[in-house]
Amino acid sequence: MLTKNHFLWALASFVVVSLTLYFLEVPYLKRDTDISSVREVERICPKMKPYEDASNRTECQWRFDHYEPSAYETEWRTNLPTWEPVLCAKLLEQANISTDILSRVIDLSYFDNVTRWNRGVEDSAPFTRRDPRDKWFSKMHYVEECWMSKAPEAKTVRKRGVQLIEPLWGMMRDPLDVYCGAQRVPSFPKWDSTVHLGQSKQHILTFGFAPYFYSDKLPLDLEKPQWREYGTPPWQFAKNPKTEELYEESQNVWLDLGSSYFGGWTNVANAASGLWGYEKYHRRGTQFKRFISVEAEKLDASKAFSQVPADLFPYYVWINTFLSCGTGDNVDVLRILKSIKKEDFFVFKLDIDSAPIEAPIAKEMLNNPDISDRIDEFMFEHHVDIAPMRGAWGGGLKENLADSYRLFTTLREKGIRSHSWP
């Protein structure tokens, strides 16, 4: 039976608890709660949002902002008319710079070989300082913009980020490869001399290997020890606004036009684009859910599939026929490109030694945002008239090295990490 003492004890307890919560500034009991208190509770308890208008939420999204060529890349573009006739001699004269660039890419690749980061987890690498050799590298710039869902046009930049990419220099191939003959840049201990001659890819700095930096402290101070040398930057999969709603998970997609066998054409593993892509991405955290290999030359199906690793086999698509471009039929390569969602992380390698197919694809990438917006990373052997390559490509080609510089620069300016493929 309740007595007067029981009632007074309960009333006193209620008063004490209410005052305690009030002075601890728990916003759910205060009518005059300021927005910062609400945001703090939302940060700690994101499911509790009593004051937020569900129809007008804050949304944020990373996007590509601009491409910044390094001073060294700009020097090559500016001086190309006078340097190209003596291209190999100029590379040899600047051998120390090529060594810096290649050794840095090799160091990053080796570091990745012994370090496995969590798949799909952002920022899994520790902070580090900027390497002195990074001054030669160009940069891809990104911004994170935020807005209210009821006013999407009123965007503000919350964070900025950069990620390194190898510069466009020389003939945009590994200068230690064979094409300059006696004038080739001297080898150094870290450079792998066992690679198939003419097929060195040791100059290519791919997405998961490229150091990156981002901060909400603007302007960015790139000398701060806040670089990460591998892993997943926030812009890699941030093509949808970041909200509470769940979006369909994006996929990692590889498309190889001119694939030959997975293990390599002419049975040379170091010339294998499929194996190279698997090593550079799939085994290092960016696992592909579609791995499309296209080869026009007739291959042995049993041999082709026997070379595919077990963990990749369920996602491996092999197309052993000629493709067209822009015809609209079932073998139109544009149908494949458009089947890949813009939300996917898409790596595209093009080297089919067929200008009638390659040129229209490159044109689509340059002029059609519906195609270029789908591609994140691009490897392409652009066949042009350049003296050191005439033995391999022949002479009389319509385009020259300056055209290659323009092509790759323009693709990078569209946000595509574009690399010259050997």
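Everything below is about the structure printed above this text.
Residues numbered from 1 in each chain as written. Predicted model: local features only at pLDDT ≥ 70, side-chain atom pairs only at ≥ 80, totals over all residues. Heavy atoms only, no water.

Colleague: Whenever I open this one, the sheet that holds strand S7 (residues 316-319) confuses me. Can you help?
Modeller: Strand pairing in a sheet relies on backbone hydrogen bonds, with the paired strands running either antiparallel or parallel. The strand order S7-S6-S5-S8-S9-S10 describes an open sheet built from six strands, whose pairing is parallel. Two strands lie at the open edges of the sheet, namely S7 and strand S10 (417-420), each paired on one side alone. Ignoring strand direction, the axes of neighbouring strands in this sheet form an average angle of 10 degrees. Judged from the six bridges that link them, strand S5 (residues 252-257) and strand S8 (residues 345-350) form a sheet pairing that is parallel. Bridge pairing in S8 links Trp254 to Val347. (Pairing = 2+ DSSP bridges. Helix = DSSP H or I, 4+ residues; strand = E, 2+ residues; numbered from the N terminus. Axes fitted to C-alpha atoms, helices over the stretch in contact; angles between N-to-C directions.)

Colleague: Can you walk me through the packing of aromatic side chains in this structure?
Modeller: Geometry of an aromatic ring pair is reported as the spacing of the ring centres plus the angle between the planes. Using the criterion set out here, one finds 29 aromatic pairs in the structure. Here the aromatic rings of Tyr142 and Trp235 are separated by 4.6 Å at their centres, their planes lie at 5 degrees, and the arrangement is stacked. With Tyr142 in strand S2 (residues 138-148) and Trp235 in the loop between strand S4 (212-215) and S5, this pair connects stretches of sequence that are 93 residues apart. Look at Tyr214 and Trp235: their rings are 6.0 Å apart centre to centre, the planes differ by 80 degrees, and that puts the pair in the edge-to-face class. Of this pair, Tyr214 sits in strand S4 while Trp235 sits in the loop between S4 and S5, and the two are 21 residues apart along the sequence. Overall, the relative accessible area of 21% leaves Tyr214 in the partly exposed class. When its relative accessible area of 7% is taken as the criterion, Trp235 is described as buried. Through a chain of ring-to-ring contacts, the aromatic side chains of Phe207, Trp254, Phe262, Tyr278, Tyr281, Phe288, Phe291, Phe305, Phe313, Tyr316, Trp318 and Phe345 assemble into a single cluster. (Phe/Tyr/Trp six-rings, centres within 6.5 Å; stacked < 30°, edge-to-face > 60°. Buried < 20%, exposed > 50% of the residue type's maximum accessible area, 1.4 Å probe, protein only.)

Colleague: Any chance you could explain the sheet that holds strand S3 (residues 151-165) here in plain terms?
Modeller: In spatial order, the strands read S1-S2-S3-S4; together these four strands make up an open sheet with antiparallel pairing. Every other strand in the sheet has two partners, leaving strand S1 (58-68) and S4 as the edge strands with one partner each. For this sheet the average axis-to-axis angle between neighbouring strands, irrespective of direction, equals 25 degrees. The pairing of S3 with S4 spans four bridges and is classified as antiparallel.

Colleague: Just checking my understanding: could you explain the environment of Ile340 for this structure?
Modeller: Tracing the backbone through its elements, the reader meets Ile340 in the loop between helix H8 (333-338) and S8. Looking at Ile340, the relative accessible area reads 0%, which means it is buried. With near-sequence residues (within four places) excluded, Ile340 lies in contact with Val253, Arg290, Phe346 and Arg374. (Contact = heavy atoms within 4.5 Å.)

Colleague: What is the right way to look at the nonpolar core in this model?
Modeller: Side chains of nonpolar character tend, in soluble globular proteins, to be buried together. Grouped together as the largest cluster of nonpolar side chains are 66 residues, with contacts concentrated most on Trp76, Leu255, Leu257, Phe348, Ile361, Met365 and Phe378. Considering each element in turn, this core owes the most residues, seven residues, to helix H5 (residues 95-114). Among all residues touching Leu257, those that are not within four sequence positions of it are Val294, Leu323, Val333, Phe348, Lys349, Leu350, Asp351, Ile352 and Ile361. By size, the runner-up hydrophobic cluster in this structure holds 28 residues, among which are Ile204, Trp235, Trp276 and Phe345. (Core = buried A, V, L, I, M, F, W, Y, C linked by side-chain atoms within 4.5 Å.)

Colleague: Is there a simple way to think about the pattern of salt bridges in this case?
Modeller: Opposite charge on two side chains allows them to pair when their charged atoms are near. Per the counting criterion, the structure on display carries 22 salt bridges. Measuring nitrogen to oxygen at the nearest pair gives 3.2 Å for the salt bridge that ties Arg104 to Glu229. Here Arg104, found in helix H5, pairs with Glu229, found in the loop between S4 and S5; they are 125 residues apart in sequence, far enough to count as distant. Take Arg104: its relative accessible area is 3%, and that puts it in the buried class. Among the ionic pairs, Arg390 bridges to Asp385, the shortest N-O distance being 2.8 Å. Judged by relative accessible area, which is 42%, Arg390 ranks as partly exposed. By sharing partners, the salt bridges in this structure join Arg104, Asp107, Asp131, Arg133, Asp134, Lys190 and Glu229 into a single network. (Salt bridge = Lys/Arg side-chain N within 4 Å of Asp/Glu carboxyl O.)

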